[in-house]
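# Coordinate analysis (summary)
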Amino acid sequence: MTEYRFSLQKYKRGTKLLCPNCGKKQCFVKYIDNQGEITFPDYVGRCDHEQSCKYHYTPSGYFKDNPTLIDYDKRSSIKANNPKPCLPSPTSFINNELMERSLTNYAMNPLYIYLSGVLGKDETSRIFQLYHVGTSKKWGGSTVYWQIDWQGNVRTGKIMLYDRTTGHRIKEPRSYVSWVHTELNLQEYHLKQCFFGEHLLSKNPTKPVAIVESEKSALIAAHYMPDFIWLATGGMYGCFKADVVSILKGRSIMLCPDLGVKEVWLKKIPLLSSICSKVVLSDSLEQCATDEQRKNGLDIADFLLMVDTPAMILQKMIKRNPNLQTLIDYLHLELVDSS
């Protein structure tokens, strides 16, 4: 395999910096020289906020802007000198028992609390168990999106903090995102990510698949449109690699990109079409979105939640009259969805 001389620095605790463009903390990854000869300034790198910020200053751009610093030749400088063939490290896994122990304590999970008010507790519990969504004590209670491959191996877990009232990610004063393998301080951990929800593929071999960017969107869409297996890439570019998408061979696929990401995902269709029986990209959001919604990069879950569910209506009634909850508890009443 080709070894590249310049690459984005691998993530370790404390390596992410303040973005020089958007000014947000702990979201900027620097480029490094794998031969250790060049140290790039702190503004040579890429911001994690690929949709809102879009800052990406590459080594090639740096050299072109500073031609006196190095005799840069595109053909020879990008690849490492005399690269040696090497085999990829075996994928590391996390003990399934740890994952299973996290599938509880939902009373302290802000996302569970929010979705319970939207979809109802029973439905939220069903979806959390279906997707193996866990709870972490980090930051006083957060959500763990376990990445479990089609063979049932736990690759890692993404830990994210949400607001229990709005259901939105908490991004200030910084982005509250971490990884289970990082929190466990596992040494020499060789992470190879997979789709969130990938474990559902082996249980439903013929069911069509819909792919979204965020894990939260996959959970919400699974409630509204259960005819699909909803997978999440975890990022604008995440999981769109030949070895990762190979598990979709023979499947019918629908891509549902966030607003503003359509053109990026259109470029992924040839890769998927080479192995999938059918690939379509839904542009329904683009057709009906306002300029403000496009600016905010809304996704399919945001649109699905624009119409109040019975559970949402009930919660609003309880907020206006708290005695209603007392009556419901006393009489053991249950909400029935007439649909």
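Note that the structure is predicted; figures quoted are calculated from it, not measured.

Before going further, it helps to spend a moment on the packing of aromatic side chains. In this structure the tally under the stated criterion is twelve aromatic pairs. For the ring pair Tyr 43 and Tyr 57, a centre distance of 5.8 Å and an interplane angle of 25° mean the geometry is stacked. Placement of Tyr 43 in the loop between β2 (28-33) and β3 (45-47) and of Tyr 57 in the loop between β3 and α1 (59-65) is noted, with a sequence separation of 14 residues between them. A relative accessible area of 17% places Tyr 57 in the buried class. Seen from their ring centres, Tyr 106 and Phe 128 are 5.3 Å apart, and the 85° between their planes marks the pair as edge-to-face. With Tyr 106 in the loop between α3 (96-101) and α4 (110-119) and Phe 128 in helix α5 (residues 121-130), this pair connects stretches of sequence that are 22 residues apart. The pair Tyr 106 / Phe 128 is uniform in exposure class, with both members buried. Within the aromatic cluster, the residues linked to one another by ring pairs are Tyr 131, Tyr 145, Tyr 162 and Phe 196.

A few words on helix α7 (residues 215-224). Within α7, eight of the ten residues are buried, which leaves the element mostly enclosed by the surrounding structure. For α7, the set of buried residues is Glu 215, Lys 216, Ser 217, Ala 218, Leu 219, Ile 220, Ala 221 and Ala 222.

Where α4 contacts α5, the axes come no closer than 7 Å and their chain directions differ by 130°. By the angle class used here, α4 and α5 are oblique. For the pair α4 and α5, the crossing hand works out as right-handed. Residue-level contacts link Leu 111, Tyr 112, Leu 115, Ser 116 and Leu 119 of α4 to Lys 121, Glu 123, Thr 124, Ser 125, Ile 127 and Phe 128 of α5. By residue class, the composition of the contact of α4 with α5 is six nonpolar, three polar and two charged.

Here we take up the sheet that holds strand β8 (residues 209-212). Strand pairing in a sheet takes place through backbone hydrogen bonds and is either antiparallel or parallel in direction. Strand order in the open sheet made by the four strands is β9-β8-β10-β11, with parallel pairing throughout. Each edge of the sheet is formed by a strand with only one pairing partner; in this case those strands are β9 (229-232) and β11 (278-281). Averaged over all pairs of adjacent strands, the angle between strand axes in this sheet comes to 25°, irrespective of strand direction. Across three bridges, the pairing between β8 and strand β10 (residues 252-255) is parallel. Directly across from Val 209, in β10, lies its bridge partner Ile 253. Here α7 sits on the sheet in contact with β8 and β9, set at roughly 170° to β9.

Overall, the relative accessible area of 10% leaves Tyr 106 in the buried class. Taking the C-alpha atoms as reference, Tyr 106 lies 9.1 Å from Thr 143; in sequence the two are 37 residues apart.

Rules used in this analysis
Positions within a chain are numbered from 1, following the residues in the order the chain's sequence is written. Where totals are concerned, whole chains, interfaces and linings use all residues; where local detail is concerned, this predicted model gives features only for residues with pLDDT of at least 70, and gives and counts side-chain atom pairs only at 80 or more. No hydrogens and no water enter the side-chain calculation; it runs on all heavy atoms of the structure. Ring pairs shown here join Phe, Tyr and Trp side chains whose ring centres sit within 6.5 Å, with only the six-membered ring taken for Trp; geometry is labelled stacked below 30 degrees between planes, edge-to-face above 60, and tilted in between. Here a helix means four or more residues in a row that DSSP labels H or I, a strand means two or more in a row labelled E, and each is numbered from the N terminus. Only protein chains enter the area calculation, which uses a 1.4 Å probe; residues under 20% of their type maximum are buried, those over 50% are exposed, and those in between are partly exposed. In this analysis, axes come from line fits to C-alpha atoms, helices being fitted only over the stretch in contact, and the angle between any two N-to-C directions falls in the range 0 to 180 degrees. Between 65 and 115 degrees an angle is taken as roughly perpendicular, under 35 as roughly parallel, over 145 as roughly antiparallel, and anywhere else as oblique. Each helix crossing is assigned a hand: it is left-handed if the near helix lies turned anticlockwise from the far helix by less than a right angle, otherwise right-handed if that turn is clockwise. Contacts are assigned to residue pairs with any non-hydrogen atoms lying within 4.5 Å of each other. The classification used treats Ala, Val, Leu, Ile, Met, Phe, Trp, Tyr, Cys and Pro as nonpolar, Asp, Glu, Lys and Arg as charged, and all other residues, Gly among them, as polar. The pairing criterion is simple: DSSP has to find at least two bridges between the two strands.

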